[in-house]
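# Structural characterization, general
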Amino acid sequence: MIDILIKNKEYIIEITGYTGEGEGVGRADGEAVFVPSAIMGEKLKVLIVKPLKHYAYGKIIEIITPSAHRVEPECIYYKKCGGCVLQHMDYSAQLEFKRIRVQDALKRLGGCDTSVEPVTPSPDIFRYRNKAQLPVSDAGIGFYEMRSHNVIDINDCLIQNEVTAKIIKVVRDYMDKYNIPAYNEEKHNGIIRGIFIRNGSNTGEIMTCIITRTKDLPYKEELVESLSKIENMTSIFHNINREKTNVQMGKTNYLLWGSETIKETLCGVEFHISPLSFFQINTKQTEQLYAKAAEFAKVDNPQTVFDLYCGTGTISLITAQNVKKVVGVEIVPSAVENAKKNAERNGIDNVEFFLGKSEALLPQLAKDFSPDTVILDPPRKGCDINLIDSLNKVKPNHIVYVSCDPSTLARDIKNLQGYQVEKVVPFDMFPHTKHVECVVLMSRIKD
Ligand SMILES: C[S@@+](CC[C@H](N)C(=O)[O-])C[C@H]1O[C@@H](n2cnc3c(N)ncnc32)[C@H](O)[C@@H]1O
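About the criteria used
Residues numbered from 1 in each chain as written. Predicted model: local features only at pLDDT ≥ 70, side-chain atom pairs only at ≥ 80, totals over all residues. Heavy atoms only, no water. Buried < 20%, exposed > 50% of the residue type's maximum accessible area, 1.4 Å probe, protein only. Helix = DSSP H or I, 4+ residues; strand = E, 2+ residues; numbered from the N terminus. Pairing = 2+ DSSP bridges. Expected span 1.5 Å × (residues − 1). Arc of directions from axis to C-beta. Contact = heavy atoms within 4.5 Å. Near = heavy atom within 4 Å. Polar contact = N/O pair within 3.5 Å; in protein donor to acceptor, adjacent residues only side chain to side chain. Areas by Shrake-Rupley, 256 points an atom, 1.4 Å probe, with all protein chains shown as cover. Nonpolar A, V, L, I, M, F, W, Y, C, P; charged D, E, K, R; others polar.

Most of strand 19 (residues 398-403) is tucked away: six of the six residues are buried. Here strand 19 shows no split at all, with His 398, Val 400 and Val 402 on one side and Ile 399, Tyr 401 and Ser 403 on the other all buried. As judged from the four bridges shared by strand 18 (residues 373-376) and strand 19, these two strands associate in the parallel manner. Within the sheet, the bridge partner assigned to Val 374 lies in strand 19 and is Ile 399.

See below:
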């Protein structure tokens, strides 16, 4: 097919759907046009900026009929930043976009017609994040521009905790005062690559990691002195990443000041978290999501539950209160250490954690412990096909799938044999962004 839509030509289009990235979708001369910042139902004058083989990208020139859900974005960086792509929609429209996104993915990629429940709103829609990862470059400290690695220099971010702005200021002042060069991704030179911040929303504790390309962090005593004065600072690390990669954090951490971990509580259980351990970024919403996962994991009163991809043992420890035995599997060594200590500290002794790949350990662990229910909470890329194959052999009665990507969730559901999807409950873990989290209950069809 040749490009039908002409670059730089204007079309009037009506938005009838969304892409998974949050762009509006309409048609011009029968061809699909993806339009950022558009809302379903709107009539727009659109300039074609990038015609491709099967669709085109367009840019809004004029909003002829605005949606009743259109709002003025609160963030001054909205137009540039690749993060909060839905800030032009009111919150109800964002939730509906996410519900449709899950429903479409399940149907199109998973062949699954189960109706998706309304998206559980986030208790806070601003200042909800407990983690910030800020790249540093010659352009400044901030976030990446949409579809690029150009850093937008920011002073604050409305979805981050207020402490983020204070830490940015301290690091910026330190770099200016001591002439410390920022990292240059292309040339792989310079020193400061990024800042990583965690805060316990329920405890107030704060962790800061300064990421460098070099082994040395010049004037570190001076930097630590300023950072440690920030109220509730609990832990300051130096993280070293010498690789030429766009992954920010390296694997080596040196504690410069304070504690090795910060504390956070979830559903009444206390967790200690290291810099490299996974921890959900929206604490209040996580409590609602984990409560749902624990409720699904209780169905039919299982004796033994597996929590695969268990991180610091969060879901394992919350679920352990209702069942006889929980077995957790996780690939990051420090997370497994955190998980074991978290169990000890909370006096939970019916949980065992194993270090390794879930796909590698499941076959043997299933022989040893015979799970009735398996919880899956993989990263965005979903489950390894070998894990799905093992589950098809192990045949647990129920699978509780916690997913942060509807497409890989749908693919994995399709590959699981002999299960029916009972419930799909989406949670808005990341307001204003395109992302959506789901908890799915699957039950074995009797053979
Ligand atoms: C989305 S997180 C979930 C963690 C935990 N369930 C929670 O909610 O805090 C996914 C976790 O899977 C781990 N992981 C990634 N690949 C893995 C694998 N093949 N086997 C086991 N764990 C893995 C990651 O390190 C991360 O901790």
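Our focus in this paragraph is the pairing of strand 13 (residues 262-266). Burial along strand 13 is one-sided: Ile 262, Glu 264 and Leu 266 are buried, while Lys 263 and Thr 265, pointing the other way, are not. With five bridges joining them, strand 13 and strand 14 (residues 269-273) adopt antiparallel strand pairing. The residue bridging Lys 263 from the neighbouring strand is His 272, located in strand 14. In sequence, strand 13 turns back onto strand 14 through a hairpin of two residues, with Cys 267 there showing a positive phi of about 50°.

Once that is clear, we can look at unusual backbone geometry. In the Ramachandran plot, Asp 300 falls in the positive-phi region, its phi being about 65° despite a non-glycine side chain. Position of Asp 300 relative to the elements: it lies in the loop between helix 4 (283-297) and strand 15 (304-308). Residue Asp 300 is classed as exposed on the basis of its relative accessible area of 62%. Phi is positive for Asn 301, close to 45°, though the residue is something other than glycine. Residue classification places Asn 301 among the exposed residues on the basis of a relative accessible area of 67%.

The end-to-end C-alpha separation of helix 7 (residues 358-369) is 14 Å, well short of the 16 Å expected for twelve residues at 1.5 Å each. Those residues of helix 7 lying buried are Ser 358, Glu 359, Leu 362, Leu 365 and Ala 366. Considered in projection along helix 7, the buried side chains sweep an arc of 110° and stay on one side of the axis. In helix 7, those exposed residues whose orientation departs by more than 90 degrees from the buried face are Ala 360 and Lys 367. Those residues of helix 7 that are buried are in contact with strand 15, strand 16 (325-330), strand 17 (351-355) and helix 8 (385-394). Immediately beyond the C-terminal end of helix 7, within one or two residues, lies Ser 370, with a positive phi of roughly 45°.

Turning next to the site of the ligand. Taken together, the neighbourhood of the ligand is formed by 16 residues, with Tyr 290, Thr 314, Glu 330, Ser 358 and Asp 377 sitting nearest. Interatomic distance of 3.0 Å between a backbone N/O atom of Tyr 309 and a nitrogen atom of the ligand. Take Glu 330: an N or O atom from its side chain is 2.7 Å from an oxygen atom of the ligand. Considered on its own, the ligand offers 600 Å² of accessible surface; in the complex 91% of this is hidden by protein. Taken together, the residues that form the shell around the ligand break down as eight nonpolar, four polar and four charged.

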